[in-house]
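# A closer look at the structure
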Amino acid sequence: FLTAEDACGGTMRGSSGIISSPNFPNEYHNNADCTWTIVAEPGDTISLIFTDFQMEEKYDYLEVEGSDPPTIGLSGMNIPPPVISNKNWLRLHFVTDSNHRYRGFSAHYQG
């Protein structure tokens, strides 16, 4: 079972795990720029289920690639619906600006 909170980004393998923003459940850093890639077995898809989500609307965001639509931009204070990949990978890109910090996000994934 992997956790990604020590590092800002990286490649996540394995059939399940947790990805959270840096410092979660404390506030994330300003000017963060983190990319995580989740890789499942060939032929598998990945479900990403958010358990917590709190970001400065529009200025801090999480971009998810590899699903349908191809890029989903997430921001604000509501927990987004689950994201299902359409291939065997998902890429998460977390970007924050230079002010206002919130708790960020936590999500678990399964292949």
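A brief structural summary.

Conventions used here
Residues numbered from 1 in each chain as written. Predicted model: local features only at pLDDT ≥ 70, side-chain atom pairs only at ≥ 80, totals over all residues. Heavy atoms only, no water. Buried < 20%, exposed > 50% of the residue type's maximum accessible area, 1.4 Å probe, protein only. Helix = DSSP H or I, 4+ residues; strand = E, 2+ residues; numbered from the N terminus. Pairing = 2+ DSSP bridges. Axes fitted to C-alpha atoms, helices over the stretch in contact; angles between N-to-C directions. Disulfide = S-S within 2.5 Å.

Another point: the pairing of strand 10 (residues 104-110). If a strand is regular, its side chains alternate between the two faces of the sheet. By the criterion of burial, strand 10 is predominantly enclosed, with 5 of the 7 residues buried. Pairing of strand 3 (residues 16-20) with strand 10 involves 5 bridges; the strand directions are antiparallel. Its bridge partner being in strand 10, Ile 19 is matched across the sheet by Ala 107. Here 7 bridges tie strand 5 (residues 47-54) to strand 10, and the two strands are oriented antiparallel to one another. When the bridges of strand 10 are listed, Phe 50 appears paired with Ala 107.

What follows deals with the sheet that holds strand 2 (residues 10-12). Read from one edge of the open sheet, 5 strands run 2-4-9-6-7, paired in mixed fashion. If you trace the sheet from one side to the other, it starts and ends with strand 2 and strand 7 (71-74), each paired once. When the angles between neighbouring strand axes are averaged without regard to direction, this sheet yields 20°. Bridge count between strand 6 (residues 61-65) and strand 9 (residues 89-95): 5 bridges; the pairing is antiparallel. Paired with Leu 62 across the bridge in strand 9 is Phe 94.

The next point concerns the state of the cysteines. Taken as a whole, this structure holds 1 disulfide when the rule is applied. One disulfide in the model links Cys 8 with Cys 34; its S-S distance is 1.9 Å. Handedness of the Cys 8-Cys 34 disulfide follows from its S-S torsion of about -100°: it is left-handed. Here Cys 8, found in the loop between strand 1 (2-3) and strand 2, pairs with Cys 34, found in strand 4 (residues 33-39); they are 26 residues apart in sequence, far enough to count as distant.

These figures come from the coordinates and say nothing about function on their own.
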